[in-house]
Amino acid sequence: MPPKRRSAGTTQNKEARSRSSPGITTSPELSVKKHGDKDADFVALCKSLHVSDVVCERTWKMYKSLQESLNEFAEDEKRLWAACLFAVVTDMDGVSFTVTQVLQAVSMNVKQFAALVRKLDVNLDTISTKVNSALARLENEYDVTLALHQRFEKTCRRIFAVPPEAKESDLLRTCWTTFLLAKGRALQMEDDLVISFQLLLCTLELFIKRCPPELLQPLYQSAISKVQSPVTRTSRRNQKNAKARLAEPEADAALLEALCKENDCDINEVNNVYQTSFSGFLVSLELHKFPGLPQAADVNRQYQEHYRKSRDIDARLFMDNDVTLKVDAAQLERTPKKNAMEEDSVSVPQTPIRAAMTSIQHLRGDLTSRGDRPFTNLTTYFKNCTVDPTQNVLRRLETTGATFSQRFAEAVGPRYITLGKQRFTLGVKLYYKVMEAMLKSEEKRLSVPNFSKLLNNSTFHTSLLACALEVVMATYGESSFRTGGYNHGRGGGPAEGDMCFPWILHVLDLSAFDFYKVIESFIKTGATLSKDIVKHLETCENLIMERIAWETGSPLFELLKQDQEGGATEQAETPVSFGQALQHEHTAADLYLSPVRPCPRVPPPDSAATAKSQAGPSPSSQPAPQAVGQNPRQPKSNSLSLFYKKLYRLAYTRLKVLCSYLLSSHPELEPIIWTLFQYTLQHKYELMRDRHLDQLMMSAMYAICKVKGVDLRFKTIVSSYKDMANTSQETFMHVLITEGNYDSIIIFYNQVFMQRLKTNILQYASTRPPTLSPIPQIPRSPYKFPSSPLRVPGSNNVYVSPMKNPGIMTPRSRMLVSIGESFGPPNRFQKINQMVNSGDRSAKRTSDHGGAPKPLKRLRFDVDGQDEPDGSKSDGDSTLIQRLNDLTSARSRMQEQMMLEGAESRKELH
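Quick look at the structure, then. Starting afresh in each chain, residues are numbered from 1 along the sequence in its written order. Given that this is a predicted model, residues contribute local features only at a pLDDT of at least 70 and side-chain atom pairs are listed and counted only at 80 or more, while totals for whole chains, interfaces and linings are drawn from all residues. Excluded from the side-chain calculations are hydrogens and water; all other atoms, namely the structure's heavy atoms, are used.

**Remarks on the pairing of strand E1 (residues 735–738)**
Next, step 1: The pairing of E1 with strand E2 (residues 741–743) spans 3 bridges and is classified as antiparallel. Within E2, the residue paired with valine 735 across the bridge is aspartate 743.
Next, step 2: Between E1 and the antiparallel strand that follows it, E2, lie 2 residues; glycine 740 among them carries a positive phi value of about 80°. Pairing between two strands requires that DSSP report at least two bridges joining them. The helix count covers DSSP runs of H or I at least four residues long, the strand count covers runs of E at least two residues long, and both are numbered beginning at the N terminus.

**What about helix H27 (residues 639–662)?**
Next, step 1: Helix span, as expected, comes to 1.5 Å for every residue beyond the first. The end-to-end C-alpha distance of H27, which contains 24 residues, comes to 34 Å, matching closely the 34 Å that a straight helix rising 1.5 Å per residue would cover.
Next, step 2: With a 1.4 Å probe rolled over the protein chains alone, any residue whose accessible area is under 20% of its type maximum counts as buried; one over 50% counts as exposed, and the rest are partly exposed. With 20 of 24 residues buried, H27 is to be regarded as a mostly interior element.

**Here's the deal with the packing of aromatic side chains**
To describe a pair of aromatic rings, one takes the distance between the centres and the angle between the planes.
Next, step 1: Aromatic contacts are taken between Phe, Tyr and Trp rings whose centres are within 6.5 Å, Trp giving its six-membered ring; a plane angle under 30 degrees counts as stacked, one over 60 as edge-to-face, and the others as tilted. Tallied over the entire structure, the rule returns 35 aromatic pairs.
Next, step 2: With a centroid separation of 6.3 Å and an interplanar angle of 85°, the aromatic rings of tyrosine 721 and phenylalanine 732 are classed as edge-to-face. With a gap of 11 residues between them, tyrosine 721 in helix H30 (residues 714–721) and phenylalanine 732 in helix H31 (residues 729–733) connect regions that are remote in the sequence.
Next, step 3: Considering the side-chain rings of phenylalanine 748 and phenylalanine 753, the 6.3 Å spacing of their centres and the 55° angle between planes classify their relative orientation as tilted.

**Quick notes on the nonpolar core**
Next, step 1: Only buried residues count toward a nonpolar core. Its members are Ala, Val, Leu, Ile, Met, Phe, Trp, Tyr and Cys residues joined through side-chain atoms within 4.5 Å. Ranked by internal contacts, the top residues of the largest apolar core, which has 238 residues, are Phe522 and Met701.
Next, step 2: At 15 residues, H27 tops the list of elements feeding residues into this core.
Next, step 3: Here methionine 701 is in contact with Leu655, Leu658, Cys659, Leu662, Leu663, Ile673, Leu712 and Ile717, once residues within four sequence places are set aside. For this analysis, residues touch if any pair of their heavy atoms sits within 4.5 Å.

**Observations regarding the environment of methionine 357**
Next, step 1: Looking at the secondary structure, you find methionine 357 in helix H15 (residues 352–367).
Next, step 2: You can call methionine 357 buried: its relative accessible area is 4%.
Next, step 3: Through-space distance from the C-alpha of methionine 357 to that of threonine 475 is 9.1 Å; in sequence the pair is 118 residues apart.
Next, step 4: Once residues lying within four places of it in the same chain are set aside, the contact partners of methionine 357 are Val194, Phe197, Asn263, Asp264 and Cys265.

**Side note on the packing of helix H8 (residues 170–186) against helix H13 (residues 267–284)**
Next, step 1: Where helices are involved, their axes are fitted lines through C-alpha atoms of the stretch in contact, as for all axes, and angles between N-to-C directions lie from 0 to 180°. The geometry of H8 relative to H13 is characterised by a closest axis approach of 10 Å and an angle of 110° between their N-to-C directions. Compared by their axis directions, H8 and H13 come out roughly perpendicular. On H13, the residues that touch Thr178, Leu181, Ala182, Arg185 and Ala186 of H8 are Ser277, Phe278, Phe281 and Ser284. With respect to orientation, any angle under 35 degrees is reported as roughly parallel, any angle over 145 as roughly antiparallel, any angle of 65 to 115 as roughly perpendicular, and every other angle as oblique.

This is the structure we're talking about:
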């Protein structure tokens, strides 16, 4: 039953501990008699969670279908039943229980439960993308609330003068519950860390100024204003005709400023949240009528209603350290500390809130001196134009600002339109700053001050503004890649409450291809951007190349069509230039307008013939030799060429990683797969329409392995693909087959990919296969910082960083090989190579996805006769255990070798 109402000041501990309230009885009562064929404990679990007969039946069917794989699960049956129940009710939209109720029923915490649900996906289609999205949202909300509660506890110790054992007192419990209720009512995006934290500060301000002074620490006793605003009363004349009008609640300015200073928060933003949202929340609770603290029982009852309606986690249980919200040691909040000896070494991880506040301060501090109007230098550039763009720029910003603020409020909450305006104003400041830096750079490069054509290009301005707004939202944590760039809203737009990229493109009605043109210049001219923001923009660029730029309606297809028809104003990159480094001087101005330098001299016929012999048939996009005396054709822009240059390098990088997982014992296949993959992107680019780059990559890999007689099933490819970085289940589960019709990737391969490329694929089985495409040169990313760790290809968690200071290495770490440090006699490298090569590498190859990787049990979306069934099962240690064994063995061998060499050196000295 819901908690009973209690008067203020009564203890809530007992109530919180017995909070496993009954489920929401929206489902028909379960009939136990209908389920006599099932385990009695399973039926009892279903009944306790108030599920319907249909849910009970489907869940049992799922559980039985997984029974052959149950030996892989260490959890007991009851936990497996709960995981299956969650998956079924999420798919059916028939949830009759809260997440906390199912967690309490099987004594699991959020992270364990989410991992178990995903682990059930042994057939790759057991868990739908809908369930995966629900799990991602649940975990993210848990992470945010955990970070907020940790900061709440830490802050309360500095505010309230209560003994440590009173941590769970009524005052703190009621304060935390009031905050949860405010967050639930005011925010549609309850996982928004920054706004939630600002709401928490507002809640703390309310409790500080209303609690007895003796319960406060001296700092906050002195921070409270001496004069409180009295409650406003109506005149006697109006008392008979109207209800009393009460003043809107106002924050104590001094107190709120002290809280913001203590927590590195911007006072203007927090005050705005208070006035536009928190004050309205106080009015809804009628807390503005009374000067005292909120009544614990009343706040608790209202949150109970919200929690049961949302069917989410009961965040009140953080106050009880409940098993369902148990915090792992790795998640505990830590204060960053620096070692004086390693000032420039890898930074210590910050707490989520501290990191967010630091990023915001960095962004705002860089833009503090800038207004939301063009600065003098920028105004000068505008006036130097043949057609002054000033008025068009200002009108565009006015219109776009209104649209952005409205859409921001729709996503975050209806009261947050003013906050949306603040975000937009910050974006405008950054937009002006980067534009000015771009123009300065262009003026220095071209020695011309007139940029009339560029500055009167509305697409350029919209793209630059979109990039600035994306940086602002990413800084505030309101844009990320939790969905892998996929949006699940109706009509292709983002879902409600989701502002992840490419949300900003939908808001500004901007094509991804146009947005891509400005990213690199934005990063290079925005020198003060943090590493995290640079990484964010680079991920945006990759998502555009992988999928978003290939959506129907993209201008990319028109450019490719013109290129193929020979009347191109732009040219895609040809295989001849694959080996060239990704070094160019293309700026945003080059990509939007005509180049300022003539295009490279067309090679003579003999050179073209040589290139043709090296790279195979000359592609249609390669310009034909010009007649004597005829001027070479000038391309209008370099945007298509640069796009394909980056696309090929991204495509080959991802293919190389997947090959390292699956085909390390067949290295000869990688260049063949790449040749088919590259041919598809260049000549069959229509296959990319409304699809993902990785879908073509996996299809090319399967096709070549099939024609070369290498036993590699789609189920194995997909299983390893899931281990790659930045992947989504949507990529292989939801592939376009025909217009409006989606299915799995194997259906796409059989019905689309193979049909379009059958002739080309079969050529690789002949005695005269096609000439291999050159391998693209993969240079260091232009966006990487010199000290950034680089991920080792084929590994998800192995990184290499430049050595900072070899002088501070400990005797233990000095056993590591350090490039750049004197290592001794040259034969030491030879001995180490001999030692490593002599080791047994079969286990390591298996653990690193090489050789014959273990396939999944079966792939239910395989079509009979189109992908061979496989029931093989491999025994052995887990990947983690094998890797640990490999590392321990290698380290032991190296220690023995070093000791042996040390003994030999001592003998030589004697």
